[in-house]
There are 2 protein chains.
Amino acid sequence: MNDRIAQQQHSPPHTPEPDRARRANDTVRLSLQEVHALVTCALRQHGFSEPHVNGVADTLVAGERDGCASHGLYRLLGCIGTLKAGKVSRDAVPELHEMAPALLRADAGGGFSQVAYRMALPRLIGKARAQGIAALGINRCVHFSALWADIEPLTDAGLVALACTPSHAWVTPAGGSKPLFGTNPLAFGWPRPRQPAFIFDFATSAVARGEIELHRRAGKPIPEGWGIDADGKPCTDAATVLDHGAMLTFGGHKGAALAAMIELLAGPLIADMTSVDSLAFDAGTRSSPMGGELIIAIDPARFLGEQCEAELARAETLFEAMVGQGARLPSQRRYQARESSLRHGVRIPRSLYDDINALLPRDMA
Amino acid sequence: MNDRIAQQQHSPPHTPEPDRARRANDTVRLSLQEVHALVTCALRQHGFSEPHVNGVADTLVAGERDGCASHGLYRLLGCIGTLKAGKVSRDAVPELHEMAPALLRADAGGGFSQVAYRMALPRLIGKARAQGIAALGINRCVHFSALWADIEPLTDAGLVALACTPSHAWVTPAGGSKPLFGTNPLAFGWPRPRQPAFIFDFATSAVARGEIELHRRAGKPIPEGWGIDADGKPCTDAATVLDHGAMLTFGGHKGAALAAMIELLAGPLIADMTSVDSLAFDAGTRSSPMGGELIIAIDPARFLGEQCEAELARAETLFEAMVGQGARLPSQRRYQARESSLRHGVRIPRSLYDDINALLPRDMA
């Protein structure tokens, strides 16, 4: 199948968008297959081994498909940049270590996280089903993916799941003044019968760092609560926050407590880097964070036995009560985007499309 | 020992505070032994079985000792109130069920949670050490304790721990307008060599319900962000929020996502009540919430093997970096209060002291 996709890539530049008016909006419409082919081709061109090509491509396509532009095709540029900076292995072969009946560690060997996770996933699922609960620490991985992508294979297997990972030290603890924590995302998933899973995935920083960077580029002040200056004072100047101050967590001391928990769970608990370590390793190259990820999976069927079906149905009444009063389920927008993308493909900025084409072999671009 | 304490109770009303000026402040100073004796006596007087007397007394004394007045002696009134409302069993004998090698359920039989947890604790610790990670669901328990009290025995055993429990449906999901979630606390603990553990324990509501009640009593408006009126609009009137509207979560949609997670983990995952169920069961009696609690324990020694000591030491550098820049560790204030209480005892409002004495046998009060 990869050959077939590569073949498609050899056709002349994509023209899947015949509508002139739409061209004027500077976007390009691509099918998901086309996005996949584009990504695959660029990654191969940069020498990634096939497992890494597939793992990264699937993640980027899933992000684009689900309307998460910042975790979609755009991230390909970051992946290539991280490679060029010498901060990720293009062909690492992960190693799995069984630490205990319910604990696994997967050493990603400095490669992107996906290959290690794919290798570990069947064992994690097996352990969760056998022991009732199990945890996986992915070590020495470069992490750029949204965590919901790591949760979904577990909810697809009928498991309840939690995942977290540190990032680069950009965020200050409540009451502090210096960057210490990463944007440290936390994700949770709950399997739903005959429906896409209930999944949330959020940064413990007040906003994504990219959000503040967009304000800097636009020369706009940022709202209070996003960052502080070098003296620890509230600051609305994006450049000051990014270059001299620090970002803030969401939810004050509670968000900061969660950020610290994530440093610990996906850092020392699995003998991996904290966000401070990761930023030091980065050495100013603006690469994706290097470090660990912790994933916990619980099998509701083991907790519940014969009650399982009835209890999963009872959980549905909670979701119905949320939606029924106008609250949105965390992944609702993402699933809507997915449905649309699967039917109609995705629309990406022409500038991004051009940037990615510039990464392809010359005879293809 | 209990006899000896009861004996102390038979002495005339306590006069441990000789200082006249302090008496004028309407407080009473008691040693922790005196607090324990007072609670024990009141619980016995109301017919609780000895395991429940001890479990509840230890929890209340620990709260008072750590300066958590709302989870200290004051809660004794709530415990007795819950009993009088017929919403807690005074002598339930819990049952333990092993669901899987790494999963336990403890049926508290409608009693306070402590006895079930104490019964399950050695098995939970044993499972975490044997399997690397383990989870305990406590079912059909009445829960009034701060969750840090449930985390501490696990960090004392060198384990990393997470705990959560729903409460009564008072809190609306982000974007909603009706109460659905409880104040749903989440707690996390990390063992520290030669130091009290790193533990946080926070409600996923913006504030405790009691905080809003204090504003109502004082006739003061509440800050924006704490609650909404019946139409889902931001509201600063405490009575409206409490009686017709709903409380809000901390941190907007992120806090709401956590609150939903806690409903699921300590609700349907262990076949127990959601906060809506608990409030319905309460039937207006203002009793403590009835339902489930989920506790997860991870053994860092199993994840880390020979690296364990070095990694726990590495975690210390994170705490040092927090404290070094003026950020407070989550339990810092509590441990300071503890140190002072162990030396000097605690000071409680005379009105509370009188209320509790009124619960004692007539010949003792």
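Residues numbered from 1 in each chain as written. Chains lettered and ligands numbered in written order. Predicted model: local features only at pLDDT ≥ 70, side-chain atom pairs only at ≥ 80, totals over all residues. Heavy atoms only, no water.

Under an unreviewed UniProt entry, the name given to chain A is Ldh family oxidoreductase, and the source organism is Cupriavidus basilensis.

### Observations regarding the sheet that holds strand β4 (residues 133-142) of chain B
Residue and element names in this part refer to chain B. The condition that has to hold: What makes two strands pair is DSSP finding at least two bridges between them. Helix and strand assignments come from DSSP, with helices taken as H or I runs of at least 4 residues and strands as E runs of at least 2, each series counted from the N terminus. Only C-alpha atoms enter the line fits that serve as axes; for helices the fit covers just the stretch in contact. Angles between N-to-C directions range over 0 to 180 degrees. In this description, contact between two residues means that some pair of their heavy atoms is separated by no more than 4.5 Å.
In spatial order, the strands read β2-β3-β4-β10-β5-β6-β7; together these seven strands make up an open sheet with mixed pairing. Either end of the sheet is taken by a strand with one partner, and the two such strands are β2 (95-100) and β7 (195-203). Put simply, the sheet's adjacent strands are angled 15° from each other on average, direction ignored. Pairing analysis gives five bridges linking strand β5 (residues 160-164) to strand β10 (residues 290-298), with the strands arranged antiparallel. In the sheet register, cysteine 164 faces β10, and the bridge partner there is leucine 294. Each of β5, β6 (185-192) and β10 is contacted by helix α10 (residues 252-265), which is oriented at about 85° to β6, the strand it contacts most.

### Side note on the pairing of strand β4 (residues 133-142) of chain A
Two faces belong to every sheet, and in a regular strand the side chains alternate between them. All names here are of chain A. Here is the rule: Relative accessibility decides the category of a residue: with a 1.4 Å probe and only protein chains considered, values under 20% of the type maximum give buried, values over 50% give exposed, and everything between is partly exposed. Crossovers are marked right-handed if the path from the first strand over the helix to the second runs clockwise, as seen with the strands pointing away from the viewer.
With nine of ten residues buried, β4 lies mostly within the body of the structure. In this sheet, β4 lies alongside strand β3 (residues 103-107) in parallel orientation, the contact comprising five bridges. Bridge pairing links leucine 103 to alanine 135 in β4. Handedness of the crossover joining β3 and β4 through helix α6 (residues 113-131) is recorded here as right-handed. Here β4 runs beside strand β10 (residues 290-298); their pairing, made up of eight bridges, is antiparallel. For glycine 137, the partnering residue across the bridge sits in β10 and is leucine 294.

### Side note on the packing of aromatic side chains
Rule in force here: The criterion for an aromatic pair is that two Phe, Tyr or Trp rings (for Trp, the six-membered ring) have centres within 6.5 Å, with stacked assigned to planes under 30 degrees apart, edge-to-face to planes over 60 apart and tilted to the rest.
Counted according to the given criterion, the structure contains 17 aromatic pairs over all chains. Both rings, one in A:Phe198 and one in A:Phe200, keep their centres 6.5 Å apart while their planes meet at 90°; by these two values the pair is edge-to-face. Residue A:Phe198 is classed as buried on the basis of its relative accessible area of 2%. Residue classification places A:Phe200 among the buried residues on the basis of a relative accessible area of 2%. A ring pair is formed by B:Phe188 and B:Phe200, whose centres lie 5.7 Å apart and whose planes are at 35°; its orientation type is tilted. In this pair, B:Phe188 sits in strand β6 while B:Phe200 sits in strand β7, placing the two residues twelve residues apart along the sequence. B:Phe200 carries the same exposure label as B:Phe188, and that label is buried.

### A look at the pattern of salt bridges
Should their charged atoms come close, side chains of opposite charge can pair. Residue and element names in this part refer to chain B. Operational definition: Any carboxyl oxygen of Asp or Glu that lies within 4 Å of a side-chain nitrogen of Lys or Arg is treated as forming a salt bridge with it.
In the structure shown here, the tally under the stated rule is 32 salt bridges over all chains. A salt bridge links glutamate 316 to arginine 192; the nearest nitrogen and oxygen atoms lie 2.6 Å apart. In this pair, glutamate 316 is assigned in helix α13 (residues 308-324) and arginine 192 in strand β6, connecting sequence segments 124 residues apart. Among the residues examined, glutamate 316 registers a relative accessible area of 11% and is labelled buried. Among the residues examined, arginine 192 registers a relative accessible area of 14% and is labelled buried. Between aspartate 243 and arginine 216 there is a salt bridge, with the nearest N and O atoms lying 2.9 Å from each other.

### Focus on the sheet that holds β3(A)
Residue and element names in this part refer to chain A. As summarised here, the arrangement of the seven strands in space is β2-β3-β4-β10-β5-β6-β7, forming an open sheet in which the pairing is mixed. Of all the strands in the sheet, just β2 (95-100) and β7 (195-203) have a single pairing partner and so form its edges. Across this sheet, the average inter-strand angle for adjacent strands is 15°, counted without regard to direction. Direction of pairing for β2 relative to β3: antiparallel, over a ladder of five bridges. Looking across to β3, one finds that histidine 97 is bridged to arginine 105. Lying over the sheet, helix α13 (residues 308-324) contacts β6 (185-192) and β7, oriented at roughly 120° with respect to β6.

### Focus on the interface of chain A and chain B
Which entries qualify depends on this criterion: The term buried area refers to how much accessible surface (probe radius 1.4 Å) is lost by two components on association, counted for both of them together. What qualifies as a polar contact is a pair of N or O atoms within 3.5 Å, subject to a donor-acceptor requirement within protein and to the restriction that residues adjacent in sequence count only when both atoms come from side chains. Classification convention: Asp, Glu, Lys, Arg as charged; Ala, Val, Leu, Ile, Met, Phe, Trp, Tyr, Cys, Pro as nonpolar; all other residues, Gly among them, as polar.
In this assembly, 75 residues from chain A lie in contact with 75 residues from chain B. Between chain A and chain B, roughly 5600 Å² of surface is buried when both sides are summed, and carbon and sulfur atoms account for 74% of that area. There are two salt bridges connecting chain A and chain B. Across the contact surface, chain A and chain B share 20 residue pairs in polar contact (both at pLDDT 80 or more). No other element matches the nine residues that helix α10 (residues 252-265) of chain A contributes to the side of chain A that touches chain B. In the side of chain A that touches chain B, the residues fall into 49 nonpolar, 15 polar and eleven charged.

### Notes on α10(B)
Helical geometry note: an α-helix holds 3.6 residues per turn, so side chains three or four residues apart project in the same direction. In plain terms, the rule: Expected span of a helix, by definition, is 1.5 Å for each gap between consecutive residues, and there is one gap fewer than residues.
Taking 1.5 Å per residue as the helical rise, α10(B) with its 14 residues ought to reach 20 Å, and the 20 Å between its terminal C-alpha atoms agrees with that figure. If you check which residues of α10(B) are buried, you get B:Lys254, B:Gly255, B:Ala256, B:Ala257, B:Leu258, B:Ala259, B:Ala260, B:Met261, B:Ile262, B:Glu263, B:Leu264 and B:Leu265.

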